[in-house]
Amino acid sequence: MIPADIKTAVEKNMELMTGQTRTYLPFLKVAFPNVKDFSELIFNMMVGNTLTVFVSQYAMRMQSPSEEDFAEFGKLVEQYRKKIKEMF
């Protein structure tokens, strides 16, 4: 089970990036002109960034996430896919 403070850090990071999505959309359209589904691009970029936060939080505790922690991370961030899709 992901410790509560790490879960909070993951959620705050995803919320921050969700809030900034519209700001960065013009840049992403220029940087990735061949992308057809920007909601998936943005979601995947957010998850990649948040995965770094997730792993770093464990590293600061000199721990490693377990397989179950990674599975829980996936479920935690998946709820943001719908939020991003709704923006488009």
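Because the structure is a prediction, the values reported are computed rather than measured.

Chemist: Summarise the packing of helix 2 (residues 38-60) against helix 3 (residues 67-86); cite the residues concerned and give the values.
Modeler: Close contact between helix 2 and helix 3 brings their axes to 10 Å; oriented N to C, the two are set at 145°. Handedness of the helix 2/helix 3 crossing: right-handed. Each of S39, E40, I42, F43, M46, V47, T50, L51, F54, V55 and Y58 in helix 2 lies in contact with helix 3, whose residues at this interface are D69, F70, F73, V77, E78, Y80, R81, I84 and K85. In the contact of helix 2 with helix 3, the residues fall into 13 nonpolar, two polar and five charged.

Chemist: Please give an account of the nonpolar core that cites residues and values.
Modeler: In this structure, M14, F54 and F73 are the most contacted members of the largest nonpolar core, which totals 21 residues. For this core, the secondary structure elements donating two or more residues are helix 1 (4-31), helix 2 and helix 3. If one sorts the elements of this core by residue count, helix 2 sits on top with eight residues.

Chemist: Give me helix 1: which residues, what numbers.
Modeler: If you look at helix 1, its biggest bend is around 55°, right at R22, and the proline P26 turns up within four residues after that. All of the buried residues in helix 1 are I6, V10, N13, M14, M17, T18, T21, L25 and L28. Next to the buried residues of helix 1 lie helix 2 and helix 3.

Chemist: Talk me through the pattern of salt bridges; I want residue IDs and the actual numbers.
Modeler: As enumerated under the stated definition, the model contains six salt bridges in all. Put simply, K85 and D37 hold a salt bridge, and the shortest N to O gap is 3.4 Å. Placement of the pair is K85 in helix 3 and D37 in the loop between helix 1 and helix 2, with a sequence separation of 48 residues. Taking relative accessible area as the criterion, K85 reaches 38% and is therefore assigned partly exposed. Linked by salt bridges that have partners in common, D37, E40, E78, R81 and K85 make up one network.

Chemist: Describe the packing of helix 1 against helix 3, listing the residues and the values that go with them.
Modeler: One way to put it is that helix 1 packs onto helix 3 with a least axis distance of 11 Å and a crossing angle of 20°. Between helix 1 and helix 3, the angle falls in the class roughly parallel. At the point where helix 1 passes helix 3, the crossing takes the right-handed sense. Mapping the contact onto sequence places K7, V10, E11, M14, E15, T18 and T21 in helix 1 and F73, L76, V77, Q79, Y80, K83 and I84 in helix 3. Considered class by class, the residues forming the contact of helix 1 with helix 3 number seven nonpolar, three polar and four charged.

Conventions we followed
- Residues numbered from 1 in each chain as written.
- Predicted model: local features only at pLDDT ≥ 70, side-chain atom pairs only at ≥ 80, totals over all residues.
- Heavy atoms only, no water.
- Axes fitted to C-alpha atoms, helices over the stretch in contact; angles between N-to-C directions.
- Helix = DSSP H or I, 4+ residues; strand = E, 2+ residues; numbered from the N terminus.
- Left-handed = near helix turned anticlockwise from the far one by under 90°.
- Contact = heavy atoms within 4.5 Å.
- Nonpolar A, V, L, I, M, F, W, Y, C, P; charged D, E, K, R; others polar.
- Core = buried A, V, L, I, M, F, W, Y, C linked by side-chain atoms within 4.5 Å.
- Buried < 20%, exposed > 50% of the residue type's maximum accessible area, 1.4 Å probe, protein only.
- Bend = angle between axes of the 7 residues up to and from the residue.
- Salt bridge = Lys/Arg side-chain N within 4 Å of Asp/Glu carboxyl O.
- Parallel < 35°, antiparallel > 145°, perpendicular 65-115°, else oblique.

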